[in-house]
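Chain by chain, the residues:
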Amino acid sequence: MILSLLLLAETVPNPDWDCDEPITQQKMNWCAHQDFLVADAEMNAQWKLTASQLKDLDKAYGDATNGGHPGYFETLLEGQRAWLKYRDAHCASHGKLISGGSLEPLIINRCKPRLTNLRSTELGILIGMDG
């Protein structure tokens, strides 16, 4: 909540804008993007926790448990990179349904926080946290 207020305070194109009840398309697009920025920041915080724990597992177990396969962190990183590509492409495909219209950014930026929040939860579950 505090993070979302900080993001809004830093980037409001018009100080009179209120994301509780955005009325114009421009406001809706901007507010939806702010929701994505908050979700992305939260996912990045969870990523740091998860990555740190998996790096610790790599240090603790090293080559003893992986039999020459990629380590815990390396596998996580590969998955995260693939997931980011998936999220962006998936949400872009939703936006394509209204390609070129003023509603396209809104559709994309409503999709991205939803998937990003789910990924945060997944990253937390991986290390035994509830996200």
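In case you missed it, the structure is sitting above this.
From a predicted model like this one, the values you see are computed outputs, not experimental measurements.

### Details of the state of the cysteines
At step 1: Taken as a whole and judged by the stated rule, the model has two disulfides.
At step 2: Across a sulfur-sulfur distance of 2.0 Å, Cys19 and Cys31 are joined as a disulfide pair. Between Cys19 and Cys31, the S-S dihedral sits near -85°, and the bridge is therefore left-handed. Residue Cys19 is found in the loop between helix H1 (2-11) and helix H2 (25-61), and its partner Cys31 is found in helix H2; the two are separated by twelve residues along the sequence.
At step 3: By relative accessible area, which is 27% here, Cys19 ends up partly exposed.
At step 4: Put simply, Cys91 and Cys111 are joined by a disulfide, and their sulfur atoms are 2.1 Å apart. Taking the sign of the S-S torsion, about -75° here, the bridge from Cys91 to Cys111 comes out left-handed. Of the two residues, Cys91 sits in helix H3 (residues 72-96) while Cys111 sits in helix H4 (residues 104-126), which places them 20 residues apart along the sequence. Cys111 carries the same exposure label as Cys91, and that label is buried.

### A word on the nonpolar core
At step 1: Met43, Trp47, Ala51, Leu54, Phe73, Leu76, Trp83, Cys91, Ile108, Cys111, Leu115 and Leu123 form the largest nonpolar core, which has twelve residues in total.
At step 2: Among the elements of the structure, H2, H3 and H4 are those that each provide at least two residues to this core.
At step 3: Those residues in contact with Leu123, other than ones at most four positions away along the chain, are Met43, Gln46, Trp47, Thr50, Leu76 and Gln80.

### Topic: the packing of H2 against H4
At step 1: Relative to each other, H2 and H4 sit at 20°, their axes nearing to 8 Å. By the angle between their axes, H2 is roughly parallel relative to H4. For the pair H2 and H4, the crossing hand works out as left-handed.
At step 2: Considered class by class, the residues forming the contact of H2 with H4 number twelve nonpolar, ten polar and six charged.

### Quick look at H2
At step 1: Counted at 1.5 Å a residue, the expected span for H2 with its 37 residues is 54 Å, and the 53 Å between its end C-alpha atoms agrees.
At step 2: The positive-phi residue at the C-terminal boundary of H2 is Gly62, with phi of around 50°.

Conventions and cut-offs
Residues numbered from 1 in each chain as written. Predicted model: local features only at pLDDT ≥ 70, side-chain atom pairs only at ≥ 80, totals over all residues. Heavy atoms only, no water. Disulfide = S-S within 2.5 Å. Helix = DSSP H or I, 4+ residues; strand = E, 2+ residues; numbered from the N terminus. Buried < 20%, exposed > 50% of the residue type's maximum accessible area, 1.4 Å probe, protein only. Core = buried A, V, L, I, M, F, W, Y, C linked by side-chain atoms within 4.5 Å. Contact = heavy atoms within 4.5 Å. Axes fitted to C-alpha atoms, helices over the stretch in contact; angles between N-to-C directions. Parallel < 35°, antiparallel > 145°, perpendicular 65-115°, else oblique. Left-handed = near helix turned anticlockwise from the far one by under 90°. Nonpolar A, V, L, I, M, F, W, Y, C, P; charged D, E, K, R; others polar. Expected span 1.5 Å × (residues − 1).

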